[in-house]
Amino acid sequence: MKKAIQDYIIITIGVIIVAFGLSFFLVPADLAVGGVTGLAMVINNIFPIMSIGHMMFIMNLVLFIIAFILIGRQFGAKTIYASFALTGVIWIMDEFVPIYNPIVNDMFLNLFFGIVIQGIGMAIIFYQNASTGGTDIAAKILNKFFHIEIGKALLLSDFVITLLAGLTFGLELGLYALLGVIMNAFIIDNVIEGLNLKISISIISLYPDEIREFINKDINRGATIYHAEGSYTNSSRTVITTVMNKKEFIKLKKFIKEKDKNAFVMASTVREVLGNGFNFSI
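Below or above, wherever it landed, is the structure these notes cover. Worth saying up front: this structure is predicted, and the values here are computed from it rather than measured.

Some details on the overall build of the protein chain
So, step 1. Check the secondary structure of the protein chain and you find ten helices and four strands.
So, step 2. Going from the N terminus to the C terminus, the protein chain shows its helices and strands as α-α-α-α-α-α-α-α-β-α-β-β-α-β.
So, step 3. Seen through its C-alpha atoms, the protein chain measures out along the principal axes to roughly 80 × 40 × 35 Å.
So, step 4. Out of the 282 residues in the protein chain, the part that is buried amounts to 43%.
So, step 5. Restricting the contact set of the protein chain to residue pairs at least 6 apart, pairs at least 24 apart contribute 74%.
So, step 6. Summed over all atoms, the accessible surface of the protein chain reaches about 15700 Å², with 65% contributed by carbon and sulfur.
So, step 7. Mean positive and mean negative side-chain charge positions of the protein chain (21 and 20 charges, respectively) differ by 10 Å.

In C-alpha cells form, the structure reads like this:
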C-alpha cells in the first residue's frame, strides 16, 4: 500500500508537469505535437462535431481497453488515473490561469520550453509504468513487445499525427510539430535513462563482514562476495560487489569512511539493472 501511494504521488507530480507544458506553451501556440490531444485538435478543426475533450475521451477509452488486454491491469489502472488527472489539472489551469495566446511570440521558444517541460513529466509517468493515455499506450505496447525505447516508440506513433497537423494548421506549424515530436522522444529517453542509472560498486576492506551486514540490513540490498589475492602483497582479500542507487551509495560511502578509511572502493554508473529489487518495466 505504501509503495502504491508513493507511485501515485509521483505520477501526480509528472501529470502536473505535463499539464504545465501543454497549457502554457503548446496548446496556446496551436502546436499539435502528437498524442490524442494533437489528433483531437486536428479532427476538431476539420469536423467540429464535438469538443476536443469528448473526442479525447472516446479515443482514450478504446486505447485503455487495449492496454488492459496487452499490458496488464496495473498499467491500465495507473494510466486511467494519469489520464483523468491530466484532464483535471488542465481544466483547473484553464479555469484559474487561462492562457488564450502564446506566452511569447517566438514559436520556437514555445515549442522548446513546452516540449522540455512536457517530456520531463511524461518520462516520470512512464518510469512508474503508466502513461497519460492516448498514443503513449501505443508506445508502451511497442516498448513491451518489440523492445523499442519509449521515446522512439512514441515518435513512431505520433509521426502520422504531425503530418495531419501540417495539412490542417499549415506547413510551418506542421514542421514545428514534427520537430517537437523528435525532441520529445529524445528528452523522454534521456530522462528515463537518468532515472534508471545505478551504481556498481566493488569494495576491498579489512572489515568485509560489517560492510556486508550494513548493505544487507541498513540499505536492504544484496551483495556478492569474492575471495581474491593481492598481486603486490600476495595476501588474501575479500571483495564485495553490489549495485544500488545514488542515494544508497552516499549512505554506504559514509559508513565505509567511518569504518575503514583505508578501504578500496571502485564505483561506476550502470545504465540499467534487471533483477530482484530492480525495475523490469522500463
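Moving on from the coordinates now.
Description of helix H2 (residues 35-46)
Every α-helical turn comprises 3.6 residues, leaving residues that sit three or four positions apart pointing alike.
So, step 1. Its twelve residues place the ends of H2 17 Å apart at the C-alpha level, agreeing with the 16 Å of an ideal helix rising 1.5 Å per residue.
So, step 2. Residues Gly35, Val36, Gly38, Ala40, Met41 and Val42 constitute the buried set of H2.

Let's talk about the environment of Glu149
So, step 1. Position of Glu149 relative to the elements: it lies in the loop between helix H6 (135-146) and helix H7 (150-169).
So, step 2. Expressed as a C-alpha distance, the spacing of Glu149 and Ile188, which sit 39 residues apart in the sequence, is 9.4 Å.
So, step 3. Dropping the residues within four chain positions of it, Glu149 is found in contact with Asn143, Asp189 and Arg271.

Topic: the nonpolar core
So, step 1. Val15, Ile188 and Ile192 are the most contacted members of the largest nonpolar core, which totals 33 residues.
So, step 2. In this structure, Ile188 is in contact with Gly119, Met122, Ala123, Phe126, Ile150, Gly151 and Leu154, ignoring residues within four places of it in sequence.

Examining the sheet that holds strand S1 (residues 198-204)
So, step 1. Taken in spatial order, the four strands of this open sheet run S2-S3-S1-S4, and their pairing is antiparallel. The sheet terminates laterally at strand S2 (224-229) and strand S4 (264-270), the two strands that pair on one side only. The mean inter-strand angle of the sheet, taken between neighbouring strand axes irrespective of direction, is 20°.
So, step 2. Where S1 meets strand S3 (residues 236-244), six bridges bridge the pair, whose relative direction is antiparallel. Counterpart to Ser202 in the pairing with S3 is Thr241.
So, step 3. Packing of helix H10 (residues 246-259) onto the sheet brings it into contact with S1, S3 and S4, and relative to S1 it is tilted by some 20°.

Some words on the pattern of salt bridges
So, step 1. One pass over the structure, following the stated rule, counts five salt bridges.
So, step 2. Of the charged contacts, one joins Asp7 and Lys3 as a salt bridge, the two residues approaching to 2.9 Å between their closest N and O atoms. Remark: Lys3 and Asp7 occur in helix H1 (residues 2-26); sequence separation between them is four residues, near one turn of the helix.
So, step 3. For Lys3, a relative accessible area of 53% corresponds to the exposed category.
So, step 4. Linking Arg221 and Glu248 is a salt bridge whose minimum nitrogen-to-oxygen distance equals 3.0 Å. Of the two residues, Arg221 is situated in the loop between helix H9 (208-218) and S2 and Glu248 in helix H10; the sequence distance between them amounts to 27 residues. Both residues of the pair, Arg221 and Glu248, belong to the buried class.
So, step 5. What you see here is one network of salt bridges that share partners, running through Lys3, Asp7 and Lys78.

As for the packing of aromatic side chains
So, step 1. Counted according to the given criterion, the structure contains seven aromatic pairs.
So, step 2. Ring geometry for Tyr8 and Tyr81: centres 5.0 Å apart, planes at 80°, overall edge-to-face. Note that Tyr8 is positioned in helix H1 and Tyr81 in helix H4 (residues 73-96), a separation of 73 residues in sequence.
So, step 3. On the accessibility criterion, Tyr81 (32% relative accessible area) is partly exposed.
So, step 4. Summarising the aromatic geometry, the rings of Phe20 and Phe25 are spaced 6.3 Å apart at their centres and angled 65° between planes, so their arrangement reads as edge-to-face.

Looking at the packing of H1 against helix H5 (residues 107-127)
So, step 1. At a minimum axis distance of 7 Å, the contact between H1 and H5 shows a crossing angle of 165°. One way to sum up the angle between H1 and H5 is to call them roughly antiparallel. In this structure, H1 meets H5 at a crossing whose hand is left-handed. On the side of H1, the interface is formed by Ile10, Ile11, Gly14, Val15, Ile17, Val18, Phe20, Gly21, Leu22, Phe25 and Leu26, while H5 contributes Asn110, Leu111, Phe113, Gly114, Ile115, Ile117, Gln118, Gly121, Met122, Ile124 and Ile125.
So, step 2. In the contact of H1 with H5, the residues fall into 16 nonpolar, six polar and no charged.

Definitions and cut-offs
Residues numbered from 1 in each chain as written. Predicted model: local features only at pLDDT ≥ 70, side-chain atom pairs only at ≥ 80, totals over all residues. Heavy atoms only, no water. Helix = DSSP H or I, 4+ residues; strand = E, 2+ residues; numbered from the N terminus. Buried < 20%, exposed > 50% of the residue type's maximum accessible area, 1.4 Å probe, protein only. Contact = heavy atoms within 4.5 Å. Areas by Shrake-Rupley, 256 points an atom, 1.4 Å probe, with all protein chains shown as cover. Lys, Arg positive; Asp, Glu negative; His and termini not counted. Charge placed at Lys NZ, Arg CZ, Asp CG, Glu CD. Expected span 1.5 Å × (residues − 1). Core = buried A, V, L, I, M, F, W, Y, C linked by side-chain atoms within 4.5 Å. Pairing = 2+ DSSP bridges. Axes fitted to C-alpha atoms, helices over the stretch in contact; angles between N-to-C directions. Salt bridge = Lys/Arg side-chain N within 4 Å of Asp/Glu carboxyl O. Phe/Tyr/Trp six-rings, centres within 6.5 Å; stacked < 30°, edge-to-face > 60°. Parallel < 35°, antiparallel > 145°, perpendicular 65-115°, else oblique. Left-handed = near helix turned anticlockwise from the far one by under 90°. Nonpolar A, V, L, I, M, F, W, Y, C, P; charged D, E, K, R; others polar.

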